[in-house]
Amino acid sequence: QVQLVESGGGLVQAGGSLRLSCAASRSIFSINYMGWYRQPPGKQRELVAEFTSGDRTNYGDSVKGRFTISRDNAKNTVFLQMNSLKPEDTAVYYCAAGYLSRHYWGQGTQVTVSS
């Protein structure tokens, strides 16, 4: 089992930055998949960024060039650096992990970008 705890959300003005953190309850070396998703108000959950094979990364089209996913293996933590934020980035952001054929979600953290 994997528990995920997100932090770092909040209210920011357009053009600002935030860094989200996702702390995992076990070594992220043992976790097959980790990524960030978001759910804007009234919309479906969508991919923001993810680690694919090895250290390769993949980003949703709307965040490419602005967001960066990274990880600190020693701290079992995955980060999402968000720059040049836009009002349309407003959403609940979720950390996701895949481990032993099961998918896990964090509780989510709210990001609100004011215009």
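Position labels on residues start from 1 in each chain and follow its written sequence. Reporting in this predicted model follows two pLDDT cut-offs: at least 70 for local features of residues, and 80 or more for side-chain atom pairs to be given and counted; totals over whole chains, interfaces and linings ignore these cut-offs and use all residues. Each side-chain value is derived from all of the structure's non-hydrogen atoms; neither hydrogens nor water enter the calculation.

Mapped onto the secondary structure, Lys43 falls in the loop between β4 (33-39) and β5 (46-51). Residues Lys43 and Ala91 lie 48 residues apart in sequence; the distance between their C-alpha atoms is 9.3 Å. A run of H or I in DSSP becomes a helix once it reaches four residues, and a run of E becomes a strand once it reaches two; helices and strands are each numbered from the N terminus.

The next point concerns the pattern of salt bridges. We define a salt bridge as a side-chain nitrogen of Lys or Arg found within 4 Å of a carboxyl oxygen belonging to Asp or Glu. A full pass over the atoms with the stated rule returns five salt bridges. When the shortest N-O distance is used, the salt bridge between Asp61 and Lys64 registers 3.1 Å. To sort residues, take the accessible area from a 1.4 Å probe on protein chains only and compare it with the maximum for the residue type: under 20% means buried, over 50% means exposed, and anything in between is partly exposed. With relative accessibility at 66%, the residue Asp61 sits in the exposed group. Arg66 is the salt-bridge partner of Asp89, the closest N and O atoms lying 2.8 Å from each other. Here Asp89, found in the loop between β8 (77-82) and β9 (91-99), pairs with Arg66, found in the loop between β6 (57-59) and β7 (67-72); they are 23 residues apart in sequence, far enough to count as distant. Using a relative accessible area of 10% as the deciding quantity, one classes Arg66 as buried. If you follow the salt bridges from partner to partner, you end up with Arg38, Glu46, Arg66 and Asp89 in one network.

A separate point is the state of the cysteines. Criterion for a disulfide: a pair of cysteine sulfur atoms within 2.5 Å. In the structure shown here, the tally under the stated rule is one disulfide. Here Cys22 is linked by a disulfide to Cys95, with a sulfur-sulfur distance of 2.0 Å. Handedness of the Cys22-Cys95 disulfide follows from its S-S torsion of about -75 degrees: it is left-handed. Here the residue Cys22 occupies a position in strand β3 (residues 18-24), and Cys95 occupies one in strand β9, the gap between them amounting to 73 residues. For the pair shown, Cys22 and Cys95 are each scored as buried.

Read from one edge to the other, the open sheet built from four strands follows the order β1-β3-β8-β7, with strand pairing classed as antiparallel. With one partner strand each, in any of the chains shown, β1 (4-7) and β7 form the two edges of the open sheet. Put simply, the sheet's adjacent strands are angled 15 degrees from each other on average, direction ignored. In the sheet, β7 pairs with β8 via six bridges, with the strands oriented antiparallel. Bridging from a neighbouring strand, Arg71 pairs with Val78 of β8. Two strands qualify as a pair provided that DSSP identifies no fewer than 2 bridges between them. In this description, a line fitted to the C-alpha atoms serves as the axis of each element, helices being fitted only across the stretch in contact, and the angle between N-to-C directions of two axes falls anywhere from 0 to 180 degrees.

In this section: the nonpolar core. Residue types Ala, Val, Leu, Ile, Met, Phe, Trp, Tyr and Cys, when buried and joined through side-chain atoms within 4.5 Å, form a set referred to as a nonpolar core. Formed by 30 residues in total, the largest nonpolar core has its most connected members in Leu4, Met34, Trp36, Leu80, Met82 and Tyr93. Ranked by residues supplied to this core, first place goes to β9 with five residues. Note on contacts: a residue pair qualifies if any of its non-hydrogen atoms lie within 4.5 Å across the two residues. When near neighbours in sequence (up to four residues on either side) are disregarded, Tyr93 contacts Glu6, Leu20, Tyr37, Arg38, Val48, Phe67, Leu80, Met82, Gly108, Thr109 and Val111.

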